[in-house]
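# Notes for the structure review
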Amino acid sequence: MKTFGIVLLVIVIILAIILVVLYFLGKKAQKKQEEQQAQIDAAKQTVSMLIIDKKRMKLKESGLPQMVIDQTPKLMRGSKLPIVKAKVGPQIVSLVCDEKIFNDVPVKKEVKAVVSGIYITDVRGLHGKKMPKETKKKGFLKSKIEKLQEKAGAKPVK
């Protein structure tokens, strides 16, 4: 019984130490993220652009400048980023898009985007409207099931 108590006590102490370390690392990462967000907000500007293509690509395949690729941490180079190819003025450039708005970015449309360096933070329609979210088409089976449910009265008619 004594050895079980000692083992349990050691495990609890180790878990407490891990929680304290994770707490301080989380606070440090949060401060760093807030500083980066402040820098992005300070350098943002609104630009009119034509979105050509958008994909999730590895950093090396993205077409970003070599200086950007060299400055990224080695662990991030293998991960996929949301990349948007756009025509800004006469130039075609590759930009990194914010993960939150990547699905809202329309393809082959002219938009006004809030850009900070090579980072797109917000996208609006040409006349200041938010772009409507694209609705996904339902599959054949799902649409048939919904029709049958409406006929049976199991689902309210829209």
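In short, a report on the structure. What you see is a predicted model; the values in this text were computed from it and never measured.

## Re the packing of aromatic side chains
For the coordinates displayed, the defined rule picks out one aromatic pair. Between Tyr23 and Phe24, the ring centres sit 5.4 Å apart and the planes meet at 70°, which makes this aromatic pair edge-to-face. Note on Phe24: relative accessible area 52%, which makes it exposed. Taking NZ or CZ as reference, Lys54 lies 5.1 Å from the ring centre of Phe102, over its face.

## Concerning unusual backbone geometry
Despite not being glycine, Lys108 shows a phi value in the positive range, around 60°. For Lys108, the position within the fold is in the loop between β3 (91–97) and β4 (110–116). Owing to a relative accessible area of 67%, Lys108 belongs among the exposed residues under this scheme.

## Here we look at the pairing of strand β2 (residues 80–88)
Relative to β2, strand β1 (residues 45–58) is paired through eight bridges, and the arrangement is antiparallel. Its bridge partner being in β2, Ile51 is matched across the sheet by Ala86. Relative to β3, β2 is paired through six bridges, and the arrangement is antiparallel. Residue pairing in the sheet places Lys87 in a bridge with Ile92 of β3. The hairpin formed by β2 and β3 contains two residues between the paired strands, and Gly89 there has a positive phi angle of roughly 65°.

Rules of the game
Residues numbered from 1 in each chain as written. Predicted model: local features only at pLDDT ≥ 70, side-chain atom pairs only at ≥ 80, totals over all residues. Heavy atoms only, no water. Phe/Tyr/Trp six-rings, centres within 6.5 Å; stacked < 30°, edge-to-face > 60°. Buried < 20%, exposed > 50% of the residue type's maximum accessible area, 1.4 Å probe, protein only. Lys NZ or Arg CZ within 6 Å of the ring centre and 35° of its normal. Helix = DSSP H or I, 4+ residues; strand = E, 2+ residues; numbered from the N terminus. Pairing = 2+ DSSP bridges.

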